[in-house]
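Coordinate analysis (summary)
So you can see what is in the structure, the chains are spelled out below.
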Amino acid sequence: MGEEVAAQEFSRADRTRHREKVRRCLDVFARMLREAAFDTDDPMTGLEIEFNLVDDDGHPALKNAEVLDAIADPDFQTELGQFNIEINVPPAKLREGGLTTFEDNLRRSLNDAETKSNALSAHMVMIGILPTLEEQHLSPSTLSANPRYKLLSEQILEARGEDIVIDIRGAERLQTTADSIMPEAACTSTQFHVQTSPANFADYWNASQAISAVQLAVGANSPYLLGKELWRETRIPLFEQAADTRSEELKAQGVRPRVWFGERWITSVFDLFEENVRYFPALLPITEDEDPLEVLEAGGTPRLGELRLHNGTIYRWNRPVYDISGGVPHLRVENRVLAAGPTVADTIANAAFFFGLVRNLAESERPLWSQMSFSAAEENFHTAAQQGIESLIYWPGVGQVRATELTLRRLLPMAHQGLEAWGVESEVKDRLLGIIEQRCLLGTNGAEWFTRRVHERTSGGTARSEALRQTLVDYRERMHTNEPVHAWD
């Protein structure tokens, strides 16, 4: 998302040339899947987290450029809004203590960044949507300075042909419009990466899709937007609407949205990249000089820059990633479902649950997705986003079941088995999956904790805006204790 691009305008010839190049890249990618040696021997896992910046009182701090200068760490990067930054945690192997390494690195980096940002009266907060955001924070003037963001915003608005409409109905209803993609900046997420071979990619992606609803149910952390209590994971409908390039007429015609759960189980990673090319026009038709076929036939590894850039502007909740490390290509599933936070401990527990469960399901003899329609998985996804830890979802062999009961009875044992297959130490998996267990037993995740506190304050006569601010200040203080959210009460 934050890759630098030059500010520019695109002609019809640019778009034609880019379409041809993307299709050439797709052809070369298909050949690579048949012939090339991908890095598959010892899979890596990865982690990215987006943060919000607030001032001493809990209001958004539009200071990401100054904060990044102060932090001076290349692992931290800009995000869409001036109140966002992102950290890319170095990848690790789970069998070599990767989960503990993630936790230690993240806590150390976060503590150092918090100390340095404090000098600027800015503070880090891991939460899916900053509850103290107001309309003026979601205007074009608050876009980050990276030219890519302005260019992307212009291209989405131009493709759409009209202002973006946000209309979310949950516990309450929010209706507003935007003349930029800044509402997307309100969505801060955690992204898990799992490397896989071309042969196993479809199984890992299908498994990731199937468990996305359960991830949302137990990890929801975005209940408020612009003062309204909406979905337990309001990021989901907000992101789907904020980056929608379709007019109402195109929606009625069945044109696919760019923020997309998908529409079918897959049999190959190629299916996803081919769908990208077939269904979606380029938002950033930037063409590089590389001839990918020439590079491949010369024994090199092509960048496939156009295919990768195009993939980066189609926002699947589980996104395929083609990348190169040390001159060798590899594939990853990027799981983009969860909000940031509430704590580092909660985040790594979410990671353990995902990595363990996805491996167990991907390597099962009878695939879950052979027993479940894709539309049921998608319906589960939106149900869990709306209802959070109280959600009822469909599961093969069980029918409608509480997500918490399903997790406790079936999924946590599977996650334990998956982590054991990864080579994770028993005490580590027991501690981290124990956090997920306690959330389910107590019915408390980030969204539930936050809404309960706000309700307590407003029932005592505190105005909603002040209750949100006070609760966010409490949340930030507790976040730095690294006590999991289920223990905050």
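Residues numbered from 1 in each chain as written. Predicted model: local features only at pLDDT ≥ 70, side-chain atom pairs only at ≥ 80, totals over all residues. Heavy atoms only, no water.

1. Side note on helix 1 (residues 12-35)
Condition: Strands here are runs of E lasting at least two residues and helices are runs of H or I lasting at least four, both read from the DSSP assignment and numbered beginning at the N terminus. A helix is expected to span 1.5 Å for every residue after the first. Burial status follows relative accessibility: with a 1.4 Å probe on protein chains alone, a residue under 20% of its type maximum counts as buried, one over 50% as exposed, and anything between as partly exposed. Only heavy atoms enter the contact rule, under which two residues are in contact if any of them lie within 4.5 Å.
Over its 24 residues, helix 1 extends 35 Å from the first C-alpha to the last, a length consistent with the 34 Å expected when each residue adds 1.5 Å. Among all positions in helix 1, only Asp 14, His 18, Lys 21, Val 22, Cys 25, Leu 26, Val 28, Phe 29, Ala 30 and Met 32 are buried. Against helix 8 (269-279), helix 9 (292-297), helix 10 (305-311), strand 12 (318-325) and strand 13 (328-335) lie the buried residues of helix 1.

2. Here's the deal with the pairing of strand 12
Using the following cut-off: By this definition, two strands are paired if DSSP reports at least two bridges between them.
Bridging between strand 12 and strand 13 involves 8 bridges; their strand directions are antiparallel. Paired with Asn 318 across the bridge in strand 13 is Asn 335. Between strand 12 and strand 13, which pair antiparallel in sequence order, lie 2 residues; one of them, Gly 326, sits at a positive phi of approximately 60°.

3. Observations concerning the pattern of salt bridges
Close approach of charged atoms allows side chains with opposite charge to pair. Rules: A carboxyl oxygen of Asp or Glu within 4 Å of a side-chain nitrogen of Lys or Arg is what we treat as a salt bridge.
Tallied over the entire structure, the rule returns 39 salt bridges. Residue Arg 31 is joined to Glu 297 by a salt bridge in which the shortest nitrogen-to-oxygen separation is 3.1 Å. Of this pair, Arg 31 sits in helix 1 while Glu 297 is found in helix 9, placing the two residues 266 residues apart along the sequence. The exposure class of Glu 297 is exposed, given its relative accessible area of 55%.

4. So, a negative patch on the surface
Condition: For patch detection, residues must exceed 30% relative accessible area and be free of salt bridges, and they are connected within 9 Å for like charges or within 5 Å for nonpolar side chains (Val, Leu, Ile, Met, Phe, Trp, Tyr). Each accessible area is a Shrake-Rupley estimate made with a 1.4 Å probe; only the visible protein chains count as cover when residues are assessed. None of His or the chain ends enter the tally, which takes Lys and Arg as positive and Asp and Glu as negative. Charge positions come from single atoms, namely NZ of Lys, CZ of Arg, CG of Asp or CD of Glu.
There is a patch of like negative charges on the surface, built from Glu 162, Asp 163, Asp 179 and Glu 249. Counting through the fold element by element, Glu 249 comes out in helix 7 (residues 248-252). Glu 249 sits in the exposed class, given a relative accessible area of 52%.

5. Observations concerning the side chain of His 330
Here is the rule: What qualifies as a polar contact is a pair of N or O atoms within 3.5 Å, subject to a donor-acceptor requirement within protein and to the restriction that residues adjacent in sequence count only when both atoms come from side chains.
Along the chain, the position of His 330 falls in strand 13. A polar side-chain atom of His 330 sits 2.8 Å from a polar atom in the side chain of Arg 332. Those residues in contact with His 330 that sit more than four places away from it in its chain are Phe 38, Asp 39, Gln 195, Val 321, Tyr 322, Asp 323, Ile 324 and Ser 325.

6. Regarding the packing of helix 5 (residues 198-219) against helix 12 (residues 374-387)
For the record, the criterion: Axis definition: a line fitted to C-alpha atoms, limited for helices to the stretch in contact. Angles are taken between N-to-C directions and run from 0 to 180 degrees. Note that the term roughly parallel is reserved for angles under 35 degrees, roughly antiparallel for angles over 145, roughly perpendicular for angles of 65 to 115, and oblique for everything else. Left-handed describes a crossing in which the near helix is turned anticlockwise from the far one by less than a right angle; the clockwise case is right-handed. Each residue is assigned to one of three groups, with Ala, Val, Leu, Ile, Met, Phe, Trp, Tyr, Cys and Pro labelled nonpolar, Asp, Glu, Lys and Arg labelled charged, and all others, Gly among them, labelled polar.
With their axes 7 Å apart at the nearest point, helix 5 and helix 12 run at an angle of 25° to one another. Between helix 5 and helix 12, the interaxial angle falls into the category roughly parallel. For the pair helix 5 and helix 12, the sense of crossing is left-handed. Listed contacts from helix 12 to Trp 205, Gln 209, Ser 212, Ala 213, Leu 216 and Ala 217 of helix 5 are Phe 374, Asn 380, Phe 381, Ala 384 and Ala 385. Class assignment of the residues belonging to the contact of helix 5 with helix 12 gives a composition of 8 nonpolar, 3 polar and no charged.

7. Observations regarding the packing of helix 13 (residues 403-422) against helix 14 (residues 426-442)
Running from N to C, helix 13 and helix 14 cross one another at 170°; their axes reach a closest spacing of 10 Å. As far as their axial angle goes, helix 14 and helix 13 are roughly antiparallel. Contacts between helix 13 and helix 14 involve Thr 404, Thr 407, Leu 408, Leu 412, Ala 415, His 416, Leu 419 and Glu 420 from the former and Lys 429, Asp 430, Leu 433, Ile 436, Glu 437, Cys 440 and Leu 441 from the latter. When its residues are assigned to classes, the contact of helix 13 with helix 14 shows 8 nonpolar, 3 polar and 4 charged.

8. Observations regarding unusual backbone geometry
Cis geometry is found at the peptide bond from Gly 341 to Pro 342, where omega equals 0°. Along the chain, Pro 342 falls in the loop between strand 13 and helix 11 (344-362). Even without being a glycine, Ala 72 presents a positive backbone phi close to 55°. On the basis of relative accessibility, which here comes to 62%, the residue Ala 72 falls in the exposed class. Although it is not a glycine, Leu 226 sits at a positive phi angle of roughly 50°.

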